[in-house]
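Summary of structural features
Next come the chains, spelled out residue by residue.
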Amino acid sequence: MVKIIAINAGSSSLKFQLLQMPEEEVIAKGLIERIGLKDPIFSMTTNGEKIELIQSIQNHQDAVKILLHMLIEQKAVSSLDDIDGIGHRLVHGGEDFSDSVLITEEAIAHFEKLSDLAPLHNPANITGIKEFQKALPQVPAVAVFDTAFHQTMPESSFLYSIPYDYYKKYGIRKYGFHGTSHKYVSGRAAELLNRPIESIRLISCHLGNGASIAAIDGGQSIDTSMGFTPLAGVTMGTRSGNLDPALIPFIMEKTDKSAEEVLDVLNKKSGMLGVSGFSSDLRDIEVEASQGNPRAQLALDVFASRIHKYIGSYAARMNGVDAIIFTAGIGENSDVIREKVLAGLQFMGVYVDPDLNKIRGKEAFISYPHSPVKVIVIPTNEEVMIARDTVRLANL
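Each chain carries its own residue numbering, running from 1 in the direction its sequence is written. Selection of residues for local features in this predicted model requires a pLDDT of at least 70, selection of side-chain atom pairs for listing and counting requires 80 or more, and totals for whole chains, interfaces and linings are taken over all residues. No hydrogens and no water enter the side-chain calculation; it runs on all heavy atoms of the structure.

**A short note on the layout of surface pockets**
- In this analysis, the protein atoms alone were mapped onto a 1 Å grid. Cavities are point sets where a 1.4 Å probe fits without being able to get out; pockets are open sets with protein on both sides within 12 Å along at least five of seven lines; lining residues have an atom within 4 Å of a point. Grid points are joined across faces, edges and corners, and a volume is the space filled by probe spheres set on the points. What the largest pocket holds in volume is close to 1600 Å³.
- Taken together, 47 residues line the largest pocket, and the ones lying closest to its centre are Arg-89, Val-91, His-121, Pro-230 and Arg-239.
- By the criteria applied, helices consist of DSSP H or I runs no shorter than four residues and strands consist of E runs no shorter than two, each listed in order from the N terminus. Elements supplying a minimum of two residues to the lining of the largest pocket: β1 (2–9), α3 (122–135), α8 (259–268), α12 (328–333) and α14 (382–393).
- Ranked by residue count, the leading element in the lining of the largest pocket is α8, at five residues.
- Classes in brief: Ala, Val, Leu, Ile, Met, Phe, Trp, Tyr, Cys and Pro nonpolar; Asp, Glu, Lys and Arg charged; the others, Gly included, polar. Counted by class, the lining of the largest pocket contains 18 nonpolar, 18 polar and 11 charged residues.
- Taken as a whole, the second largest pocket spans an internal volume of roughly 620 Å³.
- Tyr-160, Ala-232, Asn-242, Leu-243 and Pro-245 are, among the 19 residues lining the second largest pocket, the residues nearest its centre.

The structure is reproduced here in structure tokens:
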């Protein structure tokens, strides 16, 4: 038995889980928010109890120190020697990493060169890696990339129809994201279907504030909705998803905004927030829609219709589909969205039981037993995937 910490470091946050492997038992989990800002919050759940502290956390070094201190104080570990490995989420691995990798100084230098592909995420992820190296220098660490799972996409899926030199010189292509989640739920789906993953065609719908769809054939990603950045694909909480690129200079001209300002609008003020006019939170939108708010109803319809179209196109791409998976916050909990997304797909063998579809946050089949295409709700677990890869690559 070994203990692994799975880490997801953001610019002002640090999410963590301590897991016992190979049992995959969560010993402790929590979040440090508002690092370097006013009133930082440390929260952790262990032994069935939740602890919440508000105290000075000036930087990620402070965050790592308080995390390790609280793990000992709350008896999640008896000492730091109990920690056998650290797994770090890294958003972007470019084309260079098709699998997770053991972290070395050479690897970190490589990660830093890729930061221009994910300037908002990779530097924060790397900061987390370096701070844990200082605190636990002898503990092996592994980087797990959001993009790695999608490196099996063929050129016909990942290339954009722009000058080929842009791809060769600048790495401009579709990379895809949420790969750790898509990999986890596709493996779990194969177990639930009791079939080897090499024999099944899956469409995975990771639906949260960020959302992406993946076509997974024989356990490999062959296409996915997000692109060069996580802005592409379906409508999301605050992100526009796909649109005509000619709109960007048009909006610049009409609003007197810079390209950077327009991108900020597309990333932070669009999606369901932009359509509804009042919220990016699907729960708020569902409440308003149920009370007859037409803009809220429209936001739900736009969101669901984009996902619906991807399912149809990916089923065509794989010459059929054996199962459709719903995961992440919305996918796991919103029967309204699942119903809207799947409406009208009977022609391709999707028959959903309305009573089973009422499930929230639990693993379950929601299709009728006779449905040729199974529909499964599977809560994602990226931390378990990070821990598994840490055990594998660190030979623990």
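This is not the end of the story, as more comes after the structure.
**Looking at the sheet that holds strand β4 (residues 41–46)**
- For two strands to be treated as a pair, DSSP must find at least two bridges joining them. Sheet architecture is open: eight strands sit in the order β5-β4-β3-β2-β1-β6-β8-β7, paired in mixed fashion. Unpaired on one side and paired on the other, β5 (49–54) and β7 (101–102) mark the two borders of the sheet.
- In terms of strand pairing, strand β2 (residues 14–21) meets strand β3 (residues 25–33) through seven bridges, oriented antiparallel. Each bridged residue has a counterpart across the sheet, and for Gln-17 the counterpart in β3 is Lys-29.
- The contact rule is simple, with two residues in contact once any of their heavy atoms fall within 4.5 Å. Inter-axis angles, ranging from 0 to 180 degrees, are taken between N-to-C directions of lines fitted to C-alpha atoms, where helices are fitted over the stretch in contact. Where α3 meets the sheet, it contacts β1, β2 and β6 (83–90), and its direction lies at approximately 165° from that of β6.
- Across the sheet, α14 touches β1, β2, β6, β7 and β8 (141–145), and the angle it forms with β2 is around 60°.

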